[in-house]
Amino acid sequence: MNKYKLGEYEFDTYEELLAAEEDTKKIDVITSSMDVTDLEVALSLYEKIRNNEITFHSSVGSGFFMYLSDIVVAGARTMVEEEKEKENRLRKKRKTSIVYRVIGITLIACAAVIFSYIYRNDMAERRSEEELARVRKIQNLTGSGISDEEYSENVVEDNTALLNELRKQKEEAANTDAETKPAGAEEVKKKLKILPEYQTLYAENTDFIGWISIEDTNIDYPVMQTEEAEGEFYLDHSFYRSSDKNGTLFMDVRNDFINRDTNLIIYGHNMKSGVMFGGLKRYLEDDYLKSHRTITFNTIYEKNTYEIIGAGLSEVSFEDEYTFRYYNFLNADTREEWDAFEVNMKQLLSSDQSLFDVEMGDELLTLSTCSSYREQGRMFIIAKKIT
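Quick summary incoming for the structure in this document. Worth saying up front: this structure is predicted, and the values here are computed from it rather than measured.

Section: the overall build of the protein
Here is step 1 of the chain: Counting its secondary structure elements, the protein contains nine helices and ten strands.
Here is step 2 of the chain: Going through the 387 residues of the protein one by one, you find that 42% of them count as buried.
Here is step 3 of the chain: For the protein, long-range pairs separated by at least 24 residues make up 64% of all intrachain contacts whose partners lie at least 6 apart in sequence.

This is how it looks when you write it as structure tokens:
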């Protein structure tokens, strides 16, 4: 594959090169009109970039931001040293109270620690954004860049037939009270093919199991699943497995998304910034729910669309409490289990209950996040598969 170069930077696509050239022009205008090595100027530019008053769209812009950050950090260190030197001079001129000296040094140290924390936090946020942008870019490029669309559709059709065979086996086993997996199920699974648009992402991380998106929202993310850390590894790790307070959306480790359970559960953080499931709380408003009902959740083997049928609030219960836990509802193999689910779920819903239109046999999807409405609070939306 041809690479595009701009100075010391190298790019995979022509679009990335164009973005880098635009960032270079913007940086040239800034550096020609002001002295960016001046601490006050550098700090002002640093804040404007952080607050998205000045935006860049390439690694060239990220490099310029890092350059400004280094100037600001170096300036902060110089200020600390100057304060120390000033205090030393004053101490030589007059006798200063030990208490005041301790307070002054402590304040300076605290300021340095606070600035260092903000700096590291900013860098972590920027790295998280860049990693997510890379994942989305890969998904978009591979999804739209498949040269033979028929190839993709053929894989979908082949997988659909195999998945239907698996689910038929599962249903037959349930009807006969079989305790073991249906014979031949593993052989059928081996025949499944990863959809072409997800092969690149799967090659980068085999914990990747699918992609979820909701139109006109910020929800457009990969979904992971792993047994690490009791299935909660991605609570604080990115797609590329680096430490990330935003985490990554992940499916309940107990779920089987291939030989499909009745209800698939996906977890994500309720971030104040709105990323991950930070925007789910808006679904507690009926008007918003009714205008944003469609979820696209494709696994690496099949494409599906879901319709949201409810939103509600709950909380994590103690083990000895006899209560319905929506986050433990994975399967309903009998009419009694399904009826119990319907009754209990309706009690948790805060949305228009007329939307909760389900019947036994529906395949469900639940998105779950934290809620501050009470300690250990949880908020969820539930949807059923329509295609």
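Still to come is the rest of the account.
Some details on helix α2 (residues 39-50)
Here is step 1 of the chain: If you check α2, its first and last C-alpha atoms are 16 Å apart, about what twelve residues at 1.5 Å a residue would give, namely 16 Å.
Here is step 2 of the chain: Every buried residue belonging to α2 is among Ala42, Leu45, Tyr46 and Ile49, and all of these are buried. Seen along its axis, α2 keeps its buried residues to an arc of 105°; they face one direction.
Here is step 3 of the chain: Its side-chain oxygen at 3.1 Å from the backbone nitrogen of Glu40, Asp38 defines the N-terminal cap of α2.
Here is step 4 of the chain: At the C-terminal side of α2, Asn52 shows a positive phi close to 65°.

A short note on helix α1 (residues 14-33)
Here is step 1 of the chain: Under the 1.5 Å per step criterion, the end-to-end length of α1 is 29 Å for 20 residues, consistent within 8% with the ideal 28 Å.
Here is step 2 of the chain: Along α1, the residues classified as buried are Leu17, Ala19, Ala20, Asp23, Ile27 and Ile30. Projected down its long axis, α1 carries its buried residues within an arc of 155°, all on one side. Residues of α1 that are exposed and point over 90 degrees away from its buried face: Glu15, Lys25, Val29, Ser32 and Ser33.

Re the pairing of strand β9 (residues 364-371)
Here is step 1 of the chain: When you tally the buried positions in β9, you get seven out of eight residues, the bulk of the element.
Here is step 2 of the chain: Of the strand pairs in this sheet, strand β6 (residues 263-267) and β9 are connected by five bridges, and their pairing is parallel. Counted as the bridge partner of Ile266 is Leu367 from β9.
Here is step 3 of the chain: Both β9 and strand β10 (residues 377-385) contribute to a ladder of eight bridges, which runs antiparallel. Within β10, the position partnered with Ser371 by the bridge is Gly377.
Here is step 4 of the chain: As consecutive antiparallel partners, β9 and β10 are separated by five residues, and within that stretch Gln376 has a phi angle of approximately 60°, a positive value.

Here we look at the packing of aromatic side chains
Here is step 1 of the chain: What the rule picks out here adds up to 16 aromatic pairs.
Here is step 2 of the chain: On the numbers, 4.2 Å between centres and 5° between planes, the contact of Phe329 with Phe341 is stacked. Of this pair, Phe329 sits in the loop between β8 (305-315) and α9 (335-348) while Phe341 sits in helix α9, placing them twelve residues apart in sequence. In this structure, Phe329 and Phe341 share a single accessibility class: buried.
Here is step 3 of the chain: Through a chain of ring-to-ring contacts, the aromatic side chains of Tyr198, Phe208, Phe239 and Tyr240 assemble into a single cluster.
Here is step 4 of the chain: Lying across the ring of Phe56, Lys26 places its NZ or CZ 5.6 Å from the centre.

Observations concerning the nonpolar core
Here is step 1 of the chain: Core analysis: the largest hydrophobic core is formed by 72 residues, its most contacted members being Ile212, Ile266, Tyr283, Ile295 and Leu367.
Here is step 2 of the chain: The contact partners of Leu367, leaving out residues within four places of it in the chain, are Ile212, Ile214, Ile266, Phe277, Leu280, Ile295, Met379, Phe380 and Ile381.
Here is step 3 of the chain: Residues Leu17, Ile27, Ile30 and Tyr46 belong to the second largest nonpolar core, which totals 19 residues.

Notes on the pattern of salt bridges
Here is step 1 of the chain: The full count for this structure, using the stated rule, is 19 salt bridges.
Here is step 2 of the chain: Across the pair Arg241 and Glu228 runs a salt bridge, and its minimum N-O distance is 2.6 Å. Residue Arg241 is found in the loop between β4 (220-224) and β5 (250-251), and its partner Glu228 is found in the loop between β4 and β5; the two are separated by 13 residues along the sequence.
Here is step 3 of the chain: Note on Glu228: relative accessible area 34%, which makes it partly exposed.

Looking at the side chain of Asp261
Here is step 1 of the chain: As for its position among the elements, Asp261 is in the loop between β5 and β6.
Here is step 2 of the chain: A distance of 3.0 Å separates polar atoms of two side chains, one belonging to Asp261 and the other to Asn255.
Here is step 3 of the chain: A distance of 2.6 Å separates a polar atom in the side chain of Asp261 from the backbone nitrogen of Asp256.
Here is step 4 of the chain: Discounting residues that sit within four places of it in the chain, Asp261 has contacts with Lys170, Arg254, Asn255, Asp256, Leu330 and Asn331.

Cut-offs and rules
Residues numbered from 1 in each chain as written. Predicted model: local features only at pLDDT ≥ 70, side-chain atom pairs only at ≥ 80, totals over all residues. Heavy atoms only, no water. Helix = DSSP H or I, 4+ residues; strand = E, 2+ residues; numbered from the N terminus. Buried < 20%, exposed > 50% of the residue type's maximum accessible area, 1.4 Å probe, protein only. Contact = heavy atoms within 4.5 Å. Expected span 1.5 Å × (residues − 1). Arc of directions from axis to C-beta. Polar contact = N/O pair within 3.5 Å; in protein donor to acceptor, adjacent residues only side chain to side chain. Pairing = 2+ DSSP bridges. Phe/Tyr/Trp six-rings, centres within 6.5 Å; stacked < 30°, edge-to-face > 60°. Lys NZ or Arg CZ within 6 Å of the ring centre and 35° of its normal. Core = buried A, V, L, I, M, F, W, Y, C linked by side-chain atoms within 4.5 Å. Salt bridge = Lys/Arg side-chain N within 4 Å of Asp/Glu carboxyl O.

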